[in-house]
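Observations on the three-dimensional arrangement
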Amino acid sequence: MTGRPLPGVRAVPVSVLGRELQVQTERPESLAAAVRILEDTFRDMDSQCQVRWGSVPKGLDTPSWYLLGALNLAHRVARLEQEANQHTQNLELTLSKLLNDVPDEPSAPVPLLDEDGD
C-alpha cells in the first residue's frame, strides 16, 4: 500500500540481520530498541546452536529461522505477561489483607496533652 504516512509518522530505515526495510513509526527510538532485542535473540539462538550442534542445523531455512526467533520472543512476552499478572495478583492480595486489617470504626480520639504536660 502506498500513500502518505499519517501525521507524526515517518519512514525509518531498519536493518535486521543484513536485511533492509522501511518501517512507518511514530517512535523511532522504540523501533531501535526492538531491533536490538530481535538481533540479540538471533545471536542467542546462534550461540545455542553453536554449543549444541556446532552450527545452525543444515536443514533449517531462513524463514524457519525467523519463525524460531519470533517464537522465542513470543515465549519471552508470554512469560513476562504471566509474571506481571502474578505480581498484580500478589499486590491485590496484599492490599486486600491490609484493608481487612483496618477497623471499620475509627478508634476513640486520643486526648491531647494540656499545656502543663498533664
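Along each chain, numbering runs from 1 in the same order as the chain's sequence is written. Given that the model is predicted, a residue must reach a pLDDT of at least 70 before its local features are reported, and side-chain atom pairs must reach 80 or more before they are shown or counted; all residues, however, enter totals for whole chains, interfaces and linings. Only heavy atoms go into the side-chain values, all of them from the structure, while hydrogens and water stay out.

Focus on the overall build of the protein chain
Put simply, the rule is: We count a stretch as a helix when DSSP gives it H or I for four or more residues in a row; a strand needs E for two or more, and each element gets its number in order from the N terminus. Burial status follows relative accessibility: with a 1.4 Å probe on protein chains alone, a residue under 20% of its type maximum counts as buried, one over 50% as exposed, and anything between as partly exposed. In what follows, a contact means two residues having at least one pair of non-hydrogen atoms within 4.5 Å.
Tallying secondary structure elements over the protein chain gives two helices and two strands in all. Its helices and strands taken in sequence order, the protein chain reads β-β-α-α from the N to the C terminus. Considering the protein chain as a whole, with its 118 residues, one finds that 12% of them fall into the buried category. Put simply, of all contacts in the protein chain between residues at least 6 apart along the chain, 26% involve residues at least 24 apart.

Things to note about the side chain of Thr25
Our working rule: Contacts described as polar in this section are N or O atom pairs within 3.5 Å, which, within protein, must combine one atom able to donate a hydrogen with one able to accept it, while residues neighboring in sequence count only if both atoms come from side chains.
Structurally, Thr25 can be placed in strand S2 (residues 19–25). Judged by its relative accessible area of 14%, Thr25 is buried. Side-chain polar atoms of Thr25 contact the backbone nitrogen of Arg27, separated by 3.0 Å. Setting aside residues no more than four positions away along its own chain, Thr25 makes contact with Gly8, Val9, Arg10, Val12 and Leu31.

Digging into the side chain of Thr41
Tracing the sequence through the fold places Thr41 in helix H1 (residues 28–53). Not counting residues up to four positions away in its chain, the partners in contact with Thr41 are Gly69, Asn72, Leu73 and Arg76.

Here's the deal with the pairing of S2
The condition is simple: One bridge is not enough; two strands pair if DSSP finds at least two bridges between them.
Both strand S1 (residues 10–16) and S2 contribute to a ladder of seven bridges, which runs antiparallel. Residue pairing for S2: Ser15 is matched across the bridge by Glu20. Counting the residues in the hairpin turn of S1 and S2 gives two residues, including Leu17, whose phi is positive at 50 degrees.

Considerations on the nonpolar core
To keep it simple, the criterion reads: What makes a nonpolar core is a set of buried Ala, Val, Leu, Ile, Met, Phe, Trp, Tyr and Cys residues whose side-chain atoms join them at distances within 4.5 Å.
Grouped together as the largest cluster of nonpolar side chains are five residues: Val12, Val14, Val16, Leu31 and Val35. Listing elements by their share of this core, those giving two or more residues are S1 and H1. In terms of residues, this core owes the most to one element, S1, which gives three residues. Contact partners of Leu31, with chain neighbours within four places excluded, come to Val12, Val14, Val23 and Thr25.

So, the pattern of salt bridges
This is how the line gets drawn: A side-chain nitrogen of Lys or Arg and a carboxyl oxygen of Asp or Glu constitute a salt bridge if their distance falls within 4 Å.
For the structure on display, the rule yields two salt bridges. For Arg43, the salt bridge identified is with Asp40, shortest N-O distance 2.7 Å. Residue Arg43 and its partner Asp40 are located together in helix H1, separated by three residues, close to a single helical turn. Arg43 sits in the partly exposed class, given a relative accessible area of 48%.

Structural notes on a nonpolar patch on the surface
Threshold: In this scheme, patches are assembled from residues that exceed 30% relative accessible area and form no salt bridge. Like charges are connected within 9 Å, while nonpolar side chains (Val, Leu, Ile, Met, Phe, Trp, Tyr) are connected within 5 Å. Every accessible area reported is derived by Shrake-Rupley at a probe size of 1.4 Å, with residue values counting cover from the shown protein chains alone.
A cluster of nonpolar residues, Leu67, Leu68 and Leu71, forms a patch on the protein surface that exposes about 280 Å² of accessible area. Along the chain, Leu71 falls in helix H2 (residues 62–101).

Regarding the confidence of the model for the protein chain
Note the threshold: One number per residue, pLDDT, summarises how confident the predictor is, and it ranges from 0 to 100.
Residues at a pLDDT of 70 or more form 86% of the protein chain, whose mean pLDDT is 82. Within the protein chain, H1 has the poorest average pLDDT of any element, 85, and H2 the best, 91.

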